[in-house]
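The chain contents come next:
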Amino acid sequence: SVAWEQPGGGRVLMLKLRVVAADGKVTNVELTPWSVAIDHEDVNFATNSAAIEPGEEAKLDASLAKIAEVVKRSERFVKMRLYVAGHTDTVGPSAKNDTLSLDRARAIAAYFRRKGLTLPIAFAGFGEQVLKVKTPDETDERRNRRADYVIAPQSGPPPFAGPYLKARASWKQLR
C-alpha cells in the first residue's frame, strides 16, 4: 500500500509492502522516496550562451537513455519528476549568470521533451552559486558551465543537497 506518514510532523510518502514467502513467513518492508542523480557527461556551453551545439547532442541523448531506464524501472512504484539544475562559471555579473544558467537548464529540459520524455520536468538556474570547480571571480572555467539531472518523486521538494542547500533558485515547470 502507499500511504502518507507524518514522522516528526512532516509528510513523507511511504510505500509499505507485506511480503509473504513460499513457506508462509511474513515480512513487512517500508520504502520511502528516493532520488536518482543521473550520471552523465556534461554538455559544454560556450561562454555567454545557452545554445546546445550540435556536437553536444550525443551527450544529451546518452543522458536521456539513462533517464528512460530509471523511469522504466520505477514508474510503476512512484510518479516522478526530472529536475534540471543549470550552472555558469564566474565570468560576468552574478545576476546575468543566474539568468544564463536558467536559460541553459530550460534548453536542456526542452531538448529532453522534444526527444520524447513525457514525465514532468522542473528546471532552475543556480548561476555561479554551486561551482563544480572552485575558481576566483571572472574565471572562464568550462567545467562550471554545466547542468545536473536528478529524478525524484513529484510529491516533494527538489531533491538537491550539499552545496545546493545554501544556494537560492526558483524552480520552474516546463510546459
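Residues numbered from 1 in each chain as written. Predicted model: local features only at pLDDT ≥ 70, side-chain atom pairs only at ≥ 80, totals over all residues. Heavy atoms only, no water.

Caption draft 1: Representation of the overall build of the protein. Scanning the protein from N- to C-terminus turns up two helices and eight strands. Ordered by position from the N terminus, the helices and strands of the protein form the series β-β-β-β-α-β-α-β-β-β. The burial tally for the protein puts 42% of its 175 residues in the buried class. Restricting to contacts in the protein with at least 6 residues of sequence separation, those with at least 24 account for 68%. (Helix = DSSP H or I, 4+ residues; strand = E, 2+ residues; numbered from the N terminus. Buried < 20%, exposed > 50% of the residue type's maximum accessible area, 1.4 Å probe, protein only. Contact = heavy atoms within 4.5 Å.)

Caption draft 2: Structural context of the nonpolar core. In this structure, Leu82, Val84, Ile108, Phe112 and Tyr149 are the most contacted members of the largest nonpolar core, which totals 28 residues. If you list the elements that add at least two residues to this core, you get α1 (57-74), β5 (80-86), α2 (94-114), β6 (121-125) and β7 (147-153). Looking at which element gives the most residues to this core, the answer is α2, with seven residues. Filtering out sequence-adjacent residues up to four positions away, tyrosine 149 remains in contact with Val36, Ala37, Ile38, His40, Val43, Leu60, Ser63, Leu82, Tyr83, Val84, Ile108 and Phe112. (Core = buried A, V, L, I, M, F, W, Y, C linked by side-chain atoms within 4.5 Å.)

Caption draft 3: Local environment of α1. With 18 residues, α1 should cover 26 Å at 1.5 Å per step; its first-to-last C-alpha distance of 26 Å lies within 8% of that length. When α1 is considered as a whole, its buried residues turn out to be Lys59, Leu60, Ser63, Leu64, Ile67, Val70, Val71 and Ser74. An end-on view of α1 places all buried positions within 135° of arc, on one side of the element. Structural note: α1 exposes Ala58 and Lys72 on the side pointing more than 90 degrees away from its buried face. Along its buried surface, α1 packs onto β4 (36-37), β5, α2 and β7. (Expected span 1.5 Å × (residues − 1). Arc of directions from axis to C-beta.)

Caption draft 4: Broad picture of unusual backbone geometry. Within the chain, asparagine 48 stands out as a residue other than glycine whose phi angle is a positive 60°. Summarising the element assignment, asparagine 48 is placed in the loop between β4 and α1. On the accessibility criterion, asparagine 48 (45% relative accessible area) is partly exposed. Even without a glycine there, the phi angle at glutamate 138 is positive, about 65°. Residue class for glutamate 138 comes out partly exposed when judged on its relative accessible area of 49%.

Caption draft 5: View of the sheet that holds β7. Ordered in space as β4-β7-β5-β6-β8, the five strands form an open sheet in which the pairing is mixed. Pairing within the sheet leaves two strands with one partner each, and these edge strands are β4 and β8 (172-173). Together, β4, β5 and β7 form the strand contacts of α1, whose direction differs from that of β7 by roughly 10°. Contacting β5, β6, β7 and β8, α2 runs over the sheet at an angle of about 160° to β6. (Pairing = 2+ DSSP bridges. Axes fitted to C-alpha atoms, helices over the stretch in contact; angles between N-to-C directions.)

Caption draft 6: The arrangement of the side chain of arginine 81 in detail. The residue arginine 81 is located in strand β5 in this model. The buried charged residue arginine 81 lacks any salt bridge partner; its closest oppositely charged side chain belongs to glutamate 75, at an N-O distance of 15 Å. Among the polar contacts made by the side chain of arginine 81, one reaches the side chain of glutamine 173 at a distance of 2.7 Å. Discounting chain neighbours no more than four positions away, the residues touching arginine 81 are Leu119, Pro120, Ile121, Ala122, Val150, Ile151, Ala152, Pro153, Gln154 and Gln173. (Lys, Arg positive; Asp, Glu negative; His and termini not counted. Salt bridge = Lys/Arg side-chain N within 4 Å of Asp/Glu carboxyl O. Polar contact = N/O pair within 3.5 Å; in protein donor to acceptor, adjacent residues only side chain to side chain.)

Caption draft 7: Structural view of the pairing of β6. For β6, the buried fraction is high: five of the five residues fall into the buried class. Of the two faces of β6, the one lined by Ile121, Phe123 and Gly125 and the one lined by Ala122 and Ala124 are each fully buried. Bridge count between β5 and β6: five bridges; the pairing is parallel. Bridging from a neighbouring strand, alanine 85 pairs with alanine 124 of β6. Between the parallel elements β5 and β6, the chain passes through α2 in a crossover that is right-handed. As judged from the two bridges shared by β6 and β8, these two strands associate in the antiparallel manner. By the bridge assignment, alanine 122 is partnered in β8 with glutamine 173. (Right-handed = clockwise from strand over helix to strand, strands pointing away.)

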